[in-house]
Amino acid sequence: MPKRILSGKVVKKSGDKTVSVLVTRQTTHPIYKKIMRVSKKYLAHDADNAISIGDNVKIQETRPISKSKSWEVIK
């Protein structure tokens with residue numbers, strides 16, 4: 001099965017080798033049919049500690065690295 005790839009913006013450097021990525025997508029409201037923006041934050045593994053706040057990155061699904069980290073930065 002192919003791994004999911006998402007793109008988003010780094011909003012926080014939390015801990016060593018970890019970044020928080022905000023991914024925004026557009027979806028339609030089920031009743032009112034208005035297009036809404038929905039955001040979600042993912043914790044991603046940054047092996048090089050090279051990413052800084054404000055960078056646009058791509059993250060890829062991977063095996064669980066810790067309790068809450070199962071994504072890695074592939075930039």
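Details of the structure are given in the entry above.
Residues numbered from 1 in each chain as written. Predicted model: local features only at pLDDT ≥ 70, side-chain atom pairs only at ≥ 80, totals over all residues. Heavy atoms only, no water.

## Quick word on the pairing of strand β1 (residues 5–13)
When a strand is regular, its side chains alternate between the sheet's two faces. Just so we agree on the cut-off: Pairing between two strands requires that DSSP report at least two bridges joining them. To qualify as a helix, a DSSP run of H or I must reach at least 4 residues; to qualify as a strand, a run of E must reach at least 2; elements of each kind are numbered from the N terminus.
In this structure, β1 lies alongside strand β4 (residues 56–61), joined through five bridges in antiparallel fashion. When the sheet's bridge partners are listed, isoleucine 5 is paired in β4 with glutamine 60. Here β1 folds back onto strand β2 (residues 18–28) in antiparallel fashion, the turn holding four residues, of which glycine 15 has a positive phi close to 85°.

## Quick word on the nonpolar core
Counted only if it meets this: Grouping buried Ala, Val, Leu, Ile, Met, Phe, Trp, Tyr and Cys residues that are joined through side-chain atoms within 4.5 Å yields what is termed a nonpolar core. The rule is simple: take the accessible area with a 1.4 Å probe, protein chains only, and divide by the maximum for that residue type; under 20% is buried, over 50% is exposed, in between is partly exposed. The contact criterion used throughout is that any non-hydrogen atoms of two residues lie within 4.5 Å.
Core analysis: the largest hydrophobic core is formed by 11 residues, namely Val10, Val19, Val21, Val23, Tyr42, Ala44, Ile51, Val57, Ile59, Trp71 and Val73. At the level of elements, β2, β3 (35–45), β4 and β5 (71–73) are the ones that each hand at least two residues to this core. With three residues, β2 is the single largest residue contributor to this core. In contact with isoleucine 59, other than residues within four places in its own chain, are Arg4, Ile5, Leu6, Val21, Val23, Tyr42, Ala44, Trp71, Glu72, Val73 and Ile74.

## Comments concerning the pattern of salt bridges
Put simply, the rule reads: Within this document, salt bridges are pairs made up of a side-chain nitrogen of Lys or Arg and a carboxyl oxygen of Asp or Glu, the two lying within 4 Å of each other.
Inspection of the entire model under this criterion finds one salt bridge. Taking the shortest distance from any N to any O, the salt bridge between arginine 4 and glutamate 61 comes out at 3.3 Å. One end of the pair, arginine 4, is in the segment before β1; the other, glutamate 61, is in strand β4, with 57 residues separating them in the sequence. We classify arginine 4 as partly exposed; its relative accessible area is 45%.

## As for the side chain of lysine 69
Which entries qualify depends on this criterion: In summary, the charge assignment counts Lys and Arg as positive and Asp and Glu as negative, without counting His or the chain termini. Whenever a nitrogen or oxygen atom comes within 3.5 Å of another N or O atom, the pair is scored as a polar contact, on the condition that within protein one atom can donate a hydrogen and the other can accept it, and that pairs from neighbouring residues in sequence are kept only if both atoms are in side chains.
Positionally, lysine 69 belongs in the loop between β4 and β5. No salt bridge is formed by the buried lysine 69; its nearest oppositely charged neighbour, aspartate 16, is found at 8.4 Å. Engagement of the side chain of lysine 69 in a polar contact is seen with the side chain of histidine 45, the distance being 3.2 Å. Not counting chain neighbours up to four residues away, the residues in contact with lysine 69 comprise Lys17, Thr18, Leu43, Ala44, His45, Arg63 and Pro64.

## Examining the environment of valine 11
Positionally, valine 11 belongs in strand β1. Sequence-distant contacts of valine 11, that is, excluding residues within four places in its chain, are made with Ser20, Leu22, Lys41 and Ile53.

## So, the pairing of β4
Where β4 meets β5, three bridges bridge the pair, whose relative direction is antiparallel. Bridging across to β5, isoleucine 59 finds its partner in valine 73.

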